[in-house]
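Structural overview
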Number of protein chains: 2
Amino acid sequence: MLKHTPFAAALVLAAGVIAAVPAHAQFAKPEDAIRYRKSVMFIQGQTLPRLGAMVQGKAPYDQAQAVASAETLVFTGKLFPSAFVPGTDKGDTRALPAIWKEQAAFKKHQDDLAASTAKLLAAAKAGGGVDALKGPFGEVAKVCNGCHDEFRKD
Amino acid sequence: MLKHTPFAAALVLAAGVIAAVPAHAQFAKPEDAIRYRKSVMFIQGQTLPRLGAMVQGKAPYDQAQAVASAETLVFTGKLFPSAFVPGTDKGDTRALPAIWKEQAAFKKHQDDLAASTAKLLAAAKAGGGVDALKGPFGEVAKVCNGCHDEFRKD
C-alpha cells in the first residue's frame, strides 16, 4: 500500500540517505510522522526536567527515578530520528528545512544524544549520588538545546 | 514545590494506592499527565499497526522491524500507567472515571499489556517467521481493545 504513495517513496529515499533510520520508520501520512516525533519529544520534555529538579536540588535524589528517567531518554532518543521524514517541515511543526539539507549535522546531534543519554544512564545506574549526575545531565541538556537552536523554529 | 499543590497531593495518594506507579510519575499540571499518556498511546498506535500489516501479509516480514516494534510496545507500556493521575478524567481526554474507581481491573489490563508485549518481543526475537507472531500479536491487540472497551469513552 505505502509503496505506491509519493510520501512512501520519499521514505524509501530517506532510508537510503540516512543510515540510522530504523526499519520501523513508516508512517501512513506526513501528519503522523510529525505527531509521532512531537509525542516523543513531549515525553522527553517531561522526563528531562524531573532529572533537572533532582540535579538542582529542587527534588530529592532518587536513584530508581534517575535510572527510569535516563532509560526513557535513551529509548525515546532512538524513536524519533526516523520520524523526520522528507517533506515534513510543513504542517504543525517547528522543524526547520535545514534538517533535510544538513543531514550530517542533524545526524551528529542524534549520535550525540545517544551517547550522552547512555552516559547519563550509566551514571544513574552506578549510583554515585546526585553529584555524579550533574555532568552527564548537563551534557544531555546541551545536546537537546544545541539541536533545537540549529534545527527548530523559534 | 509540587508537594504543596492539590494535584501533587493526589499524586502522592495515587502512589500509595497503585503499587505499579513508577517514581518518575510526576507532572506539574493535570494537562501534562493527559498529554503524556496520549503521546505514549499515539506512539503505540503507530507501532502496533506496523506489526499488524506484517502479520496480515500486507507488509513483508522483517524480523528487525518486528523486534523494534515489540520493544517499543514493551517500553511504552511501562510509561503510561503512571500518567493516569487521579482527577485527570477531565479535560482533553477520553479516559473514563471508572479507571480510578476500578483500580484493580485497570491494573489487570496494565499487567496483561506487560505480559503480552513481553511474549510478543520474545516471539519476534526468536525469529520463527511471521506465523510465530500471529498469536502474540493478536493477544496484544486484544489487551489494547479490552482496556479501551472498558475504560475509554467511545
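Keep in mind that this is a model prediction, so the values were computed, not measured. (Residues numbered from 1 in each chain as written. Chains lettered and ligands numbered in written order. Predicted model: local features only at pLDDT ≥ 70, side-chain atom pairs only at ≥ 80, totals over all residues. Heavy atoms only, no water.)

Here the focus is the environment of L48 of chain B. All names here are of chain B. Among the secondary structure elements, L48 is positioned in helix α2 (residues 30-55). Considering only alpha carbons, one finds L48 and A66, 18 residues apart in sequence, at a separation of 9.8 Å. Other than its neighbours up to four places away in sequence, L48 contacts L73, F137, V140, A141 and C144. (Helix = DSSP H or I, 4+ residues; strand = E, 2+ residues; numbered from the N terminus. Contact = heavy atoms within 4.5 Å.)

Another aspect to go through is the packing of helix α3 (residues 63-79) of chain B against helix α5 (residues 103-126) of chain B. Geometry of a packed helix pair, given as the angle between the helix axes and the separation of the axes. Residues and elements named next belong to chain B. The N-to-C vectors of α3 and α5 enclose an angle of 160 degrees; their axes lie 9 Å apart at closest approach. Taken together, the axes of α3 and α5 lie roughly antiparallel to each other. Viewed along their axes, α3 and α5 form a crossing whose handedness is left-handed. Of the residues in α5, those touching α3 at Q63, A66, V67, A70, E71, L73, V74 and G77 are L113, T117, A118, L120, L121, A124, K125 and A126. A per-class count over the contact of α3 with α5 returns eleven nonpolar, three polar and two charged. (Axes fitted to C-alpha atoms, helices over the stretch in contact; angles between N-to-C directions. Parallel < 35°, antiparallel > 145°, perpendicular 65-115°, else oblique. Left-handed = near helix turned anticlockwise from the far one by under 90°. Nonpolar A, V, L, I, M, F, W, Y, C, P; charged D, E, K, R; others polar.)

A contiguous patch of negative charge on the surface is contributed by E102, D149, E150 and D154 of chain A. With respect to the element layout, D149 of chain A can be found in helix α6 (residues 131-151). (Patch = residues over 30% accessible without salt bridge, like charges linked within 9 Å, V, L, I, M, F, W, Y side chains within 5 Å. Areas by Shrake-Rupley, 256 points an atom, 1.4 Å probe, with all protein chains shown as cover. Salt bridge = Lys/Arg side-chain N within 4 Å of Asp/Glu carboxyl O. Lys, Arg positive; Asp, Glu negative; His and termini not counted. Charge placed at Lys NZ, Arg CZ, Asp CG, Glu CD.)

Next up on the list: the interface of chain B and chain A. Many descriptions give the size of an interface as the accessible area lost when the pieces come together. Listed per partner, the contact involves 22 residues of chain B and 22 residues of chain A. Around 2,300 Å² of area is buried between chain B and chain A when both sides are counted, 62% of it from carbon and sulfur atoms. On inspection of chain B and its partner chain A, the count reaches zero salt bridges. Our enumeration of links across chain B and chain A arrives at zero residue pairs in polar contact (both at pLDDT 80 or more). Secondary-structure elements contributing two or more residues to the side of chain B that touches chain A are α2 and α3 of chain B. Considering each element in turn, the side of chain B that touches chain A owes the most residues, ten residues, to α2 of chain B. (Buried area = accessible area lost by both parts, 1.4 Å probe. Polar contact = N/O pair within 3.5 Å; in protein donor to acceptor, adjacent residues only side chain to side chain.)

A few words on the environment of E102 of chain A. All names here are of chain A. As for its position among the elements, E102 is in the loop between α4 (98-101) and α5 (103-126). For E102, a relative accessible area of 38% gives the class partly exposed. Separated by 49 residues in sequence, E102 and F151 place their C-alpha atoms 9.5 Å apart. What E102 contacts, discounting residues up to four positions off in sequence, is E150 and F151. (Buried < 20%, exposed > 50% of the residue type's maximum accessible area, 1.4 Å probe, protein only.)

Time to look at the relation of the copies chain B and chain A. Rotating chain B by 180 degrees about the axis while translating it 0.0 Å along that axis superimposes it on chain A, leaving an RMSD of 0.0 Å. Expressed as an axis order, the relation between the two copies is that of a two-fold axis. When C-alpha distances to the rotation axis are compared across chain B, the minimum falls at S39 of chain B, with a value of 2.2 Å. (Least-squares fit on C-alpha atoms with pLDDT ≥ 70 in both.)

For α2 of chain B, built from 26 residues, the straight-helix expectation of 38 Å at 1.5 Å per residue is met to within 8% by its first-to-last C-alpha distance of 37 Å. Just downstream of α2 of chain B, G57 of chain B is the residue with a positive phi angle, here 75 degrees. (Expected span 1.5 Å × (residues − 1).)

Honestly, it's all geometry; don't read function into it.
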